[in-house]
Every structure is written in structure tokens, then in C-alpha cells.
Amino acid sequence: MKPAAFEYHRVGTTAEAVAVLDQLGEDGRVLAGGQSLVPLMNFRLAQPEHLVDINGVGELGYVRHDDGMLALGATARQAHVAAAEPARSDVPLLVEALGFVAHPPIRHRGTVVGSIAHADPAAELPSVAVACHASLTLTSRAGSRDVAAEDFFLGPFETLLAPGELVTEVRFPPSAPGAGWAFVEFARRHGDFAIAGAAVTLALDGDRVADASIVLCAVGPRPLRADRAEALLLGQAPDAELIAEAAERAVADLAPGADIHGGTEYRIGVARVQVRRAITLALERANGGDRR
Amino acid sequence: MTASASNAQTLPITVTVNGRAYELALEPRKLLADVLRQDLGLTGLNIGCAHGVCGSCTILLDGETVRSCTLFGVQADGAEITTIEGVAPSFEELHPVQEAFWAQQGLQCGYCTPGMVLRTIELLRENPDPTREQAREAIASNLCRCTGYQFIVDAVIDAAARLRSAAQQEEPDESRS
Amino acid sequence: MSRGAEIPKIQAPRDLKWIGRSTRRVEDPKYLRGLGRYVADLEFPGMLHAAIVRSPHPHARILGIDAEAARQIPGVVAVVTGAEAAELVDPLPDSGPAPDRHVFRVLALDKVRYVGEGVALVIAESRYIAEDARDYVDVDYEPLDPIVDPIAAGQDTSNLVHDALGSNVAYDRTFTFGDVERHFAEADIVVRDRLHWRRGAAMPLDNGGAVGIYDPATGELTIHANSISMTWFAFALAATLRIPSNKFDVISYASGGSFGARFCNWRVLVTAGLASKLTGRPVKYSEDRLDHITNGDQHASDRYYDVELALTRDGIFRSLKTDVIDDYGAYCHLGVGTHGNAMAQVTGAYRIESTVYRVRAVLTNKTQQGAYRGFGAEVANWAIERLVDKAARQLDIDPAEIRRKNFIQPEQFPYHIPTGNMYDSGDYERVLDHALELFGYDHWRAEQARMRADGRRVGIGLVSCQERSVYSATEFWFWYDDPAVQTTSTPEGVKLTADALGNLTVTLHSTPFWGNSSDTMAAMLVAEEFDVDPATVGIEYHGTKGGLPAAGPGGSRLTVMYAGAIRGAATKIKDKARRIAAQQFEADPEDVEWVDGGFQVRGTPDVRKEFGEIAMAAHLFATELPEGLQSGLEASHVYDHPYTTMPSKDRTDLGVFYPCMGHACHIAMVEVDVETGGVKVLRYAAVHDAGTMVNPRSLEGQIIGGTAQGIATALLEELVYDDQGQLLSSSFTDFLMPTAMEVPELDIGHEETPSPITEYGIKGGGEAGRMMAPGAMSAAIDDALVDYGIHVAELPATPERIVRWIGEAGGGAGSAPR
Ligand SMILES: Cc1cc2nc3c(=O)[nH]c(=O)nc-3n(C[C@H](O)[C@H](O)[C@H](O)COP(=O)(O)OP(=O)(O)OC[C@H]3O[C@@H](n4cnc5c(N)ncnc54)[C@H](O)[C@@H]3O)c2cc1C
């Protein structure tokens, strides 16, 4: 289990990174935390010809408030984001989900942006990005474009990212004051990818739901927004029955692929439970059960 | 497909390992774990799975635990690394965390031990007085196939007490009883 | 003690200085410093590295291999195909039923028989280059239909794993012990179960590895390896490699865990050996994780059971029937030894008058089985305990009480079970009572009722299981009516040396260490004999060349065997030293006694010499030695199996082959999330009786580690093959070993019923825990899901399976509690 040979490009600035990526085109691959890419290379399931190592791009290591948003640069490590005050106060859903991503030694290297760029359908962070209505900045030599996380994920390990492009930033709108949130998942072991998970944010107006965002993780080709469940909750004061109904709707059209840890039916069942539990917890928090 | 070693690129790096600076010329694909084990002879870390799961290859990179099997050696340019060989203060003495693992029999085959000791050092720096549950969660990043973890948890708790009392009294830790 | 001799009454150990103390382990400092040296750490000048080209197909004919492109890659020294390897080395040692008809080779020859089987070997300047070249080895396969389901394969004769065998059933025999039919006819109740124990694996964190060093000047081949050394059996490996046995040396290194995976492990050693013989340079073959999972010797029992227990209406067991199909994978090189282990204790801790055991070993396109902690006896434990639990439920008797009713009683030992094996000693009720108290059984039963009233699915399960230890060689051949050889030796030799200062070194002739505290055991046993601190005892390992006979670890034998061997060697040394002391005291040796590390004349303690003084005399003052003694103070001793009897010709009695019988009671309390199928262990207690404990903390470490593995066997770990024969769990992301968060805190208790047949009364304890936990966990899950009438009959009980069972019981998500 040794990786195949590649050519290595260490870059120090964003400009340098995109210049090299531009030159390499299809052959270039970004190396961020390496926590997904290097294991694949060790199995020789990935054999990139060129790696562009962005770890030395200091200007992309930030975790900061920017224009009312939480902005994370491409090399902001998962562990540092989870510990950073702006993230803890602004996007508690992200911080909660990070607790489910692998283990601290992996989070010390792995980046939030890298996880999103990798677009593993079982990963937590893409669902969180969609649930939070995050947006991404994709930068190439030609310039930058912003895309909504919602649009970014096309399928398993497939995104809008074009050859030569680097995801330079992800921006999360801060959680609305008084809003509730929850990331809930079921995994076989502590730190494993989920069998199914749910990311939920809820804003209340009085006891009525003013805004709901429900996104499922690990049960489809990409993060799946449960819009029918969201619609059901809007304007309602959810009780257990309505929440169960929302969970039912959230999984109504799911057709998750099977693997050795769970078949299609089983994953749907687990997803239903996770959605129900996540909505319940988010509501509790919105009702003051667990204030920041 | 794959280029072979003879025509491969090599890159110079400087890296400080256990307080000593090294200058190396490395093939980029060489895993940091192999660089430490083969080029520097630091075979304390072990490669148990080579895909980041088991944690036997754990090192401290700029003070933080990482898997050295998911990093390339060239990425360590300019870094400071501590491996298990750099933990004990001298040939005669063990680090209090190592002492605690010994006293509690927090190891059996010793293969996961370097990683477990380094994780414990890191945990106790962040949280000098962890509960058993916190200790468990912290070491859950690393697999141990022998111990069932309980004596490792004992060792973490014991180590915490040793480090706290050492910090309070600035006394050398207790020797073999 | 001589074989078959009368068993003496149990003697509690005399006053002991070191045995029974939880001293720190002598091997630990080097591992704590990262200086332990595993075989993967070895470097030799000019060393090459090997990588195996593995089959992607479960079953395919090899039409041809083109390795030319690979050979051209700079840094590649050689590529060896299976056909070329068959020219260089003979088939691997094989104690299977028909080794010439299911031939086990280092590389596949004409056909590949599982995904991962080696078809060629690349030898290069680095492992990186070897793996590069591997991609250029072009193998032309003709895929054949995969043989995956052992039940179907057993019937099929058209599609065979080994054509020469004419069948996929490598072994099929029924052993009947006692009047089973009568006991069944007389029974009031017969409880039946169909059980499925799925394939797991030992999965140590360290992989198999070896460095072969062939010396063309002498024709000697040295193999540094982390496999068991087995001086006892190395000649067979030498024969495979075509090296004279006295020019062949296997030097053992510590292994980062084994749990059975380093037992035999022939392919790794032969790979390194043949590569070095071919190139004339040192060659390292270090399995990586993928090699070890797909092509190592560590896959474990994969069994389908039909079992029946006959009992009276008041819950007294009469007879047991076992019919088991075991999916051995593609080869059967350890024979069906895992069923011998089962038959050593098949009737459990209970008085059962008769039993019948049918075993069918089926070959399929999966990796061959190796050994895993319990070696098949853990599965039989699970089977009988499942039956007992079913009987308890049917008769509405508390699970603890039905066991108590049927226990073999303390005064009945030594006790022969129907298969012929003997249990040397035990007090099972005491262990049970201790466990119930330690767990707080009554209290937690009451708590359970309260939790259930709150809608929680909480269950408590209990098992009382055997742990056989110290196997004898008869179990290798009692399978066959006309075995080629009827070996009876399972020896363990040590050498003990006192230098001129009296400092002691013990030379061990088996594998050094794989987590089992073997150095500490040896050091403590020496310390006990000579009244020194174990930390001062030197430990050294001898290679197989010129070594004493030693069968090495396996079947929890090592501590017992070391105790016998060290005792024997120490006695020889002390006898000589006593004679020297007597001469100096001008006393009769009979009147010279050993007291606290020295000799004195009985009754006059001031006439005394320290051991070091005598040692000095023995080494440096030949003229002062008693007549007939030579200089030096060392002794070797080979300890044979403490108690073996021969099987009967008709095999209605297998003889005594696994006599040191440990026992344990495990009690688990779990909570099941019926919606996800997740199981959480809330409480766990275990009481073990492994005879006299040498180092209680180390033994506890073994018990806890084994229990963690057993819990994982029950809930998590499985090697999954799909119906096309592809292995789906070939990484640590899919083969789910537990982290610290999946393993509970255990409460451990001990009883010590000494063995009457071993030194100090020690029994083996190394496989503990894993042999009990699966049954306790199954019972606890049953109990948690009692409302659904669930009886766990398949392991691992994964979350998905649990949800399915609940669904099948009519308890789908709709009926789940809120
Ligand atoms: C043992 C283990 C357990 C894990 N468990 C989990 C888990 O439970 N949940 C989970 O979500 N993840 C898990 N991971 C994966 C981990 O979170 C990764 O860190 C993450 O998925 C990828 O981030 P990275 O920075 O390491 O990216 P890399 O591995 O460096 O890159 C991943 C991919 O994204 C591309 N990429 C990265 N950054 C950019 C960028 N800025 N622009 C364009 N492309 C980019 C790379 O080219 C590559 O194709 C686990 C990993 C390991 C080793």
C-alpha cells in the first residue's frame, strides 16, 4: 500500500496555486489535508499525475467574520474551525457536525473545504453546508465565481468544480438569533462515516416554525434537502406527531445505495429516525433548551 | 501510469525531529511514516493500516497528533516533529505518561503504544484532569487490538495525576515501585 | 507427571514470592520507548522488498502470466510467477485431510481460489517500486463460477475448488460418544437451534512479515519472522524451502499482536525465503493491511450449526447433538483442528452424559482459515450457551439457575466429558455466585424492570463457559482412522544459565512476544525459583537451528509449559549448586537447603552461601567442585505435555488432549435502540478461574482484551463476501474493530482453583474473554428484545440485522416505542 509516483508542486499563494492548476488542467489535483486523498492513493485507487499542495498557502488558513458571514479559507483545518470562536458562536451546527467527522488527529489535518470539495455523499460537512445555505468561492486563473453549496454537489465525488479551479473559501451565514440546530447521525463506530445523518436548522416565530432547513446525509448521491418536510413544518407548531410526519416525508423518495453496513430499506429507516431526532433536538434548542 | 523511482523527482527538505534538524532529499510520494522509519531509523511508529484508521503511525507534527501514513515526507518541510523516541527525558527516565502506561499495564503488544502515548500527552495538555469518559473518547482515535482499552484509560488517568503533581511540586515523578 | 497417571488431590500453591503479584511487565520499557523492534523494522545491507500480485478473481484459471514489462522496470530484481515458484519450493506444510488433493502453495499454480491469492511475486529495491511493477504483471485469467455458499458447495460436484479432491467437502465425519439416541429418546424436552457464526478474523495491528537471508557461501537460510518459531515444526518449513533442516534458522521477533494470526503463517516465511534464495540478497516481505486481510492466515471459523439439547422437564441436561458445517475457504492446512478444540469442551460446564458431533469442512472460494483466539472452541461455547438460554426460556427458569442445576460439581473433578477429554479441576458454582455478586445481579434485575417500564429495551445475559488450555498433539490426527503419524509430543524447552555472579538468563525457544507477557511470565517463574527480582532476569530467544524442542504459543499453553520447563531447569541447576555448597559446607547434600536465594545447612542458618558465591565456584574453581562435576551452571529442560492419553481406535473416546480447564462467568447488560438496531453495553462483569494466577494484572489484561474482541465478534466484526465471492470488508473502514467508545468498562473478578497437573497449579488464560462474551452479548440482546421473542441465532448481531429480526417478529418501526 504505497502510492504511485507523482509530481509534487508546493505553492505559497492562491495566485500561484491557480496558475499551476491552470497549467496542469485535468492532470492536476489539489492536496489539502490529504485525509481522503492520501488513503485513496495508498490503495492506488487514486493515481494523480500531479499534486498541488496548498498547505503552504498561509493566506487561505483563516476562520473569520466577513461581511456578516463566517468565512473559512481552503486550508482551515477541521479541528481549528471547531475550536474557533467565530465558528462556535455563528454556526453551531457546523461545530456539532465536526464532532462526528473522524477523530482529532484526522481533523488536525483535514480541512472543511477539502471535505466539501471531496463531495463524499456520506460525509457530514457537505450536508451541513447545504443545510446552512453556505456558498463557495471557486477560483481559477480567469477569476472567481460564487456558487451555492446547494448547487455545488452533483453526485458522489462529483461537483461543479472545473479543471484548474480551486475552492478558496466557504461562507456560512450565521445562525439566526434564537434559531435551533441539530446534527444527528447513526454510525457503526465512534468517528465513522454515518449510516444516515440529518442536519437541521429551525427558526421560530413564537411557537411557529418561521424557517426550516433539513438536509440528509449518507442516503443519496449527494446531500439531500428534504423540502417537503420543510414545507410541512413551516408555519406550524410542531408536536411529536408532526415531526414524525415530517421525518416520513423526508425519506419518502429516498433510494440510498446498499453497502455492507446497511441496505436500502435499513438506511431509509435509520434516516427517518435521524430526521425525527434532529428536528426534535433543534426544536428543543430553539425553545431555549440549549442556548449558546 | 506510474513513473518508477529512477527518473522520479526528489525534493530537498529540512525538518526537525525530536529536537534534531535533518536535511533530506525525498521522492515526493514517500510517506512521512516511511521517511521517519527508513530514512531516520525511527521505527517506533508503526504502519498498521496505511489508510489513516488505526493510528499506529501517530506522531506530533508541530505539536499536534497526526497520522504519518496520510502525509508525504515532503510536506514536513520546515516542521517540528516529535516521535515516541523523543518523549522520554533520558535513557534512564521515562516520561510520566510512559511511567503510567507501565504501572497500569496499559499496553500488551506495544504496537499501538507510541500512538496512545502521544495522544495521551496531547490530551493532558488540553485537559489536565480528564474524566474516564473523556479519556476514552480521546484515545478512541487510535485502535488497540490487545487491551480492550480499560488499562489504557487507567494509564491516562494515572498519567494525569502524575503530571498534575509534578506540575505542583516540581518533583521528579515516582520511580519504579 | 507421567501420562495417564492418577491425578493427585489439588494442592493450593505454597507460599509464593512472585507468583500472584501484579508486578510491572519486564518487556514494557522498550515498547514504551518505541524501541521494541518488530520485524517490519529490520534493515539489512542490500535488502530487497517483495510485493505479491494478488488475484482479483475468486475463482479463475491462470492461462498465462506475462511479467516481462514488470521485469524491465528499473529497480526490479526479479518477478516470480506461481509456476516458477513451484519449481523452486515445495507445497507448504499442511496437516489437512488430503494435502495432495488440496495442495497449499506459496503462490497459486494453475488456478486462483480466492480474491487476494498470490499469483506472482515482485522483488525490487523498494516496496514502492515493487508495487509499481506489480501493475505491469499481466495475468491472463479465465474466470470460473465462484463457489461461495458452503451449503450449496457441499452438494455440488460439478464446480470444485480443487478438482483433484472430487468434492468440495474436505472432511465429513460423525463422532458419537455415549448413548445419544437413548438419552434423546428418554428426554422430556428437546431444544433445537440453527445457528450461524459468521467469519471474523484475528486482525492484529501488526501484519505478518519476514526477512529471508540466504547465504550462498554456506547454503544456510535464515528467516527473521514474526511468526511462531516452533523449533518443533521448523523442519517441515525447511523441507518446503528445500534446505537441510540444520541449515535453516527461523529467528523470531515480537509481533504487534497475534491472537492466532501468527500461528503457522507459512506463506509469509516461504515468500521471503524463496525470494532470498533466488536473489542471494536479504529480502523483506512485509504484508500490508490488504495482503493480511485478503491473503493472511487469520480468517476464523465460519459455521452453520444444527444443535439439539435433550433435557428433563426440570431442566437437567442429558445429551447434546452437534451438526456443523464449517466454511474453511480455499484450503484446509490446519486440518479441522478448530473442531478438536470444540470437542475438548463441547458439553460445556455441564454434566451431559453423551454427545454426537458431526463436522463437515467445506471448501469455497474464500481465503483459507487460520487461527483466532479460541480456535473454534469459542464458537462451540456460543452454541451450547445459546441452547441453554433457549431451554431456560422454554422452561421459564432463570438463566443462572438452569446452569447451576447442571454444573459439574467440585468433587467430581477430574471429570471426563463424553468425548474423552478430561477437565482437571473447577468450582463453577463459586464462579457463578461471585459473578452474580460482582455484577449486582438482583439489583440490576430490579433496575432493568424499572427501565423497561420507561420503555427502554434493556436486557441482561449470562453465560458460564469453559476455557480449555494446553493442547496435546493427539488432536492433530485423531480425525483419521489411519493417520500417517501419531505424534504425541507438544514440548516446550528452555535453557537456564547462571553466570559467574549468579545472574540468571533464561533462553526461550518459542516466539518472543506478541502481547502475551511471555517474558514477564518467564522472568517471574525464574524469580520464583531463585528468589530474585524478575526485572533482573535476562531473557533471550533461540532460533530454531540447534534449538530445543518447543511448540510455542497456541491453545493458551505457554505459561503452563514455561512453568514446567523452568521448574525443571531450575531444579537441575539447584541440584548441582547444592552439591557444590554441600562440599564447601562439608555436609551431606541432603542436609543443605535453599533458603532466600542461598544455601544453608538445615538447622544452622549461619552456615550459608549465597547463590552467587556458589555460581562463582562453579564457573572459576573447577578443582573445588565435587567429583564428577564440570564447570558452569546451566541446564536445559524440555517439559512435555502434562497429561495426555491416547484416543481409542474407534474414536468413541478421543483421550485426554486439553486437560487444563479454565472457567468463567460473564454477565452483560445492554440497551437496544430498536429503531437503529444499535446496541449499547451498559454494564459488564466477568469472573474467571484460570487456576493459579502468575500476574493477576496481566491476566486481567488478557481477559479484558479478549472480552473486547468477543463483544466485537458479537456486534461489529465480519469479513463479508458477496455472492460473487468478492471480499467487501478488506479495509479497516469496513472491518470494524471497536474503538474505546464501543468497549465498556468491565468489572473483573477471579477465583483460583489450581490445576492438579501443572506446576504451581497454573492453567492457561490467554484466550479468555473472547470465548465467553459472544454468548453473554447474545443472551443480553435476547433479553432486551424479549417482547419481540427474539433469539439471537446469528453473529455478528449488526444493527441492520437486529432491525430486520424485529421487523420479522412483527415489530417494525411502527410499533417502536416513542
Ligand atoms: C480514518 C478516517 C476517518 C474519516 N472519517 C470521516 C468521517 O466520519 N466523516 C467525514 O466527513 N470525513 C471523514 N474522513 C475524511 C476527512 O474528513 C477528510 O479530511 C476530508 O474528507 C477531506 O479533507 P482534506 O482536507 O483532507 O482533503 P484532501 O484529502 O486533501 O482532498 C480530498 C479531495 O478534495 C480535493 N480538494 C481538497 N481541497 C480542495 C480545494 N480547496 N479545491 C479543490 N479541490 C480540493 C482534492 O483534490 C481531493 O480530490 C475520514 C478520514 C480518515 C482518514
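Residues numbered from 1 in each chain as written. Chains lettered and ligands numbered in written order. Predicted model: local features only at pLDDT ≥ 70, side-chain atom pairs only at ≥ 80, totals over all residues. Heavy atoms only, no water.

Novice: I'd like a description of the overall build of chain C, backed by residues and values.
Specialist: Looking only at helices and strands, chain C has 20 helices and 29 strands in total. Whereas a compact globule of 818 residues would reach a radius of gyration of roughly 28 Å, chain C reaches 28 Å, a difference of no more than 12%. Across its three principal directions, the C-alpha atoms of chain C cover 90 × 70 × 50 Å. Residues classed as buried in chain C amount to 67% of the 818 residues present. (Helix = DSSP H or I, 4+ residues; strand = E, 2+ residues; numbered from the N terminus. Rg over C-alpha atoms; globule rule 2.2 N^0.38 Å. Buried < 20%, exposed > 50% of the residue type's maximum accessible area, 1.4 Å probe, protein only.)

Novice: Tell me about the interface of chain C and chain B, and please be specific about residues and values.
Specialist: Tallying the contact residues gives 63 residues for chain C and 66 residues for chain B. Per-residue buried area on chain C facing chain B is highest for Arg24, Leu32 and Arg33 of chain C; these three make up 19% of the total on that side. Taken together, the connections running from chain C to chain B amount to seven salt bridges. In this structure, Glu99 of chain B and Arg24 of chain C form a salt bridge, with 3.0 Å as the shortest nitrogen-oxygen distance. Seen at the junction of chain C and chain B, the total is 37 residue pairs in polar contact (both at pLDDT 80 or more). For the side of chain C that touches chain B, the secondary-structure elements that each account for two or more residues are helix H1 (28-32), helix H4 (127-134) and helix H18 (696-715) of chain C. (Contact = heavy atoms within 4.5 Å. Buried area = accessible area lost by both parts, 1.4 Å probe. Salt bridge = Lys/Arg side-chain N within 4 Å of Asp/Glu carboxyl O. Polar contact = N/O pair within 3.5 Å; in protein donor to acceptor, adjacent residues only side chain to side chain.)

Novice: Let's hear about the interface of chain B and chain A: which residues, and what values?
Specialist: Much of the literature gives interface size as the accessible area that the parts lose upon coming together. Tallying the contact residues gives 35 residues for chain B and 34 residues for chain A. Together, the buried faces of chain B and chain A total about 2,600 Å²; carbon and sulfur atoms form 57% of this surface. When the buried surface of chain B facing chain A is broken down by residue, Arg29, Thr70 and Phe72 of chain B rank first, second and third, together holding 20% of it. Where chain B meets chain A, there are two salt bridges. For Lys2 of chain A, the salt bridge goes to Asp34 of chain B, with nearest N and O atoms at 2.9 Å. At the junction of chain B with chain A, the criterion picks out eleven residue pairs in polar contact (both at pLDDT 80 or more). Residue assignment for the side of chain B that touches chain A shows that the elements contributing at least two residues are strand S1 (11-17), strand S4 (64-67) and helix H3 (113-126) of chain B. By residue class, the composition of the side of chain B that touches chain A is 17 nonpolar, nine polar and nine charged. (Nonpolar A, V, L, I, M, F, W, Y, C, P; charged D, E, K, R; others polar.)

Novice: So what about the sheet that holds strand S28 (residues 747-751) of chain C? Which residues, and what values?
Specialist: All names here are of chain C. If you walk across this open sheet you meet the four strands as S18-S26-S27-S28, and the pairing is mixed. Of all the strands in the sheet, just strand S18 (458-469) and S28 have a single pairing partner and so form its edges. Strand-to-strand twist of the sheet, defined as the mean angle between neighbouring strand axes without regard to direction, takes the value 15°. (Pairing = 2+ DSSP bridges. Axes fitted to C-alpha atoms, helices over the stretch in contact; angles between N-to-C directions.)

Novice: Would you mind going over the site of the ligand in detail, with residue names and values included?
Specialist: Neighbouring the ligand are 34 residues, the closest being Val30, Gly34, Ser36, Thr111 and Glu124 of chain A. At the site occupied by the ligand, the surrounding residues belong to chains A and B. Between the ligand and the protein, one listed contact pairs an oxygen atom with a side-chain N or O atom of Ser36 of chain A at 2.8 Å. Ala102 of chain A has a polar backbone atom sitting 3.3 Å from an oxygen atom of the ligand. Notes on the ligand: free accessible area 950 Å², of which the protein chains cover 95%. Breaking the shell around the ligand down by element, the ones donating at least two residues are strand S2 (28-31), helix H7 (112-118) and strand S10 (166-172) of chain A. Ranked by residues supplied to the shell around the ligand, first place goes to H7 of chain A with five residues. When its residues are assigned to classes, the shell around the ligand shows 18 nonpolar, 13 polar and three charged. (Near = heavy atom within 4 Å. Areas by Shrake-Rupley, 256 points an atom, 1.4 Å probe, with all protein chains shown as cover.)

Novice: Hey, could you go over the domain arrangement of chain A for me, with residue numbers and the actual values?
Specialist: You can read the domains of chain A as domain 1 (7-53), domain 2 (60-172) and domain 3 (180-286). Here the C-alpha centre of domain 3 of chain A lies 35 Å away from the C-alpha centre of domain 1 of chain A. (Domains from an automatic or database assignment.)

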